[in-house]
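Okay, here's what each chain looks like letter by letter:
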Amino acid sequence: MDDDLLTLLIAVATTAVAALVLGWMVRSYFYDRALRRLQDFFGLPDNSECVLVVSRDTTADGSVARNDVFALLELSAVVKNCRAKAQIISGESAQQSFGERTEFCIGGPVANRRMAAHLYSLLPGVAVNTDTDPGPDRGAFVIGSERYRLENGSVEHVLLARLTAGQEGRPVFLACGQRSITQQAAARYLAKHHTRLARKYGSGGNFCLLLKVVNSQAYGPDVVELVKDVTKAATTPQPKLTAKDL
């Protein structure tokens, strides 16, 4: 093998190695950037801790509703992707202050006391009809001046919110639905669309979205539509409503 051919082979090999190293560096850069954006949006840097607050199942003492378990699985995957750790606690026993750790709170105000507190403090423009008697407004949401009724198995609503207390506070994510299957749908929506939400609202932005789960009796939590952004109405205090008003 003459010197020119050897030099050419060395140059080709060097170029190939350099290309591989450059490709690895580029992939690492974009992976790290995507990870940081994910962590910023969820308030979950490396090795941080968060809490998953769940409802009690009103039909079984001490258990978690089946669909809420599925919602926890969706959120646990998000936490793992952020390289963080999660602790699951009941909404009846949660007593931490708001903003210390990222919090995912799942459930309605009847079965989850923590959710009821968050609605009162953070979403004062939202009222939920908690009447146990049958009627067209049972489970309905009143957001500002608009009413959203529950049509069991056909049209069901859920609020998905990201709320923070100042720039340094960790966010709380709320999934408050008219049925437990809607909470699973909201968790899945959050896990799937977090990039778009971060792009629209920023890594530290607050939002409250009203989602509609369509025909859950046939499609489960898979068909979800964004009804509207209700952030302004949900965070604006409204005149106190009586049970009759709801």
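Preceding this paragraph is the structure being described.
Residues numbered from 1 in each chain as written. Predicted model: local features only at pLDDT ≥ 70, side-chain atom pairs only at ≥ 80, totals over all residues. Heavy atoms only, no water.

J.: Account for the overall build of the chain, naming residues and giving values.
T.: Broken down by element type, the chain carries six helices and 10 strands. Going through the 246 residues of the chain one by one, you find that 43% of them count as buried. The long-range fraction of contacts in the chain, counting pairs at least 24 apart against all pairs at least 6 apart in sequence, stands at 65%. On the chain, roughly 13600 Å² of surface is accessible, and the fraction owed to carbon and sulfur atoms is 54%. (Helix = DSSP H or I, 4+ residues; strand = E, 2+ residues; numbered from the N terminus. Buried < 20%, exposed > 50% of the residue type's maximum accessible area, 1.4 Å probe, protein only. Contact = heavy atoms within 4.5 Å. Areas by Shrake-Rupley, 256 points an atom, 1.4 Å probe, with all protein chains shown as cover.)

J.: Please set out helix H3 (residues 113-122) residue by residue, giving values where relevant.
T.: Listed as buried for H3 are Arg114, Met115, His118 and Leu119. Axial view of H3: buried residues confined to an arc of 140°, hence all on one face. Turned more than 90 degrees off the buried face of H3, the exposed positions are Arg113, Tyr120 and Ser121. Next to the buried residues of H3 lie strand E1 (49-54), strand E3 (102-106), strand E4 (126-128) and strand E8 (172-177). (Arc of directions from axis to C-beta.)

J.: If you had to explain a positive patch on the surface to someone new, which residues and values would you point to?
T.: Together, Arg33, Arg37, Arg196, Arg199 and Lys200 line one region of the surface with positive charge. For Arg37, the position within the fold is in helix H1 (residues 3-42). (Patch = residues over 30% accessible without salt bridge, like charges linked within 9 Å, V, L, I, M, F, W, Y side chains within 5 Å. Salt bridge = Lys/Arg side-chain N within 4 Å of Asp/Glu carboxyl O. Lys, Arg positive; Asp, Glu negative; His and termini not counted. Charge placed at Lys NZ, Arg CZ, Asp CG, Glu CD.)

J.: Which residues make up the sheet that holds E3, and what values do they have?
T.: Spatial strand order, E2-E1-E3-E8-E7-E9-E10: seven strands in an open sheet with mixed pairing. Whereas interior strands pair on both sides, the edge strands pair on one side only; in this sheet they are strand E2 (85-90) and strand E10 (224-229). Along the sheet, successive strands turn relative to each other by an average axial angle of 20°, direction set aside. Here E1 runs beside E2; their pairing, made up of six bridges, is parallel. Looking across to E2, one finds that Val54 is bridged to Ser90. Against the sheet, helix H2 (residues 66-81) engages E1, E2 and E3, with an angle of about 160° to E3. (Pairing = 2+ DSSP bridges. Axes fitted to C-alpha atoms, helices over the stretch in contact; angles between N-to-C directions.)

J.: How would you sum up unusual backbone geometry? Please name residues and give values.
T.: Positive phi is not limited to glycine here, since Asn47 has a value of about 65°. Exposure remark for Asn47: the relative accessible area of 60% places this residue in the exposed category. The phi dihedral of Asn215 falls on the positive side, at around 50°, and the residue is not glycine. Mapped onto the secondary structure, Asn215 falls in the loop between strand E9 (207-214) and helix H5 (216-219).

J.: Run through the sheet that holds strand E6 (residues 146-148), naming residues and quoting values.
T.: Within the open sheet, the three strands sit side by side as E4-E5-E6. Their pairing is antiparallel. In this open sheet, the two edge strands, each paired with only one partner strand, are E4 and E6. The average angle at which neighbouring strand axes cross in this sheet is 20°, direction not considered. Bridge count between strand E5 (residues 141-143) and E6: three bridges; the pairing is antiparallel. Paired with Ile143 across the two strands is Glu146, which belongs to E6.

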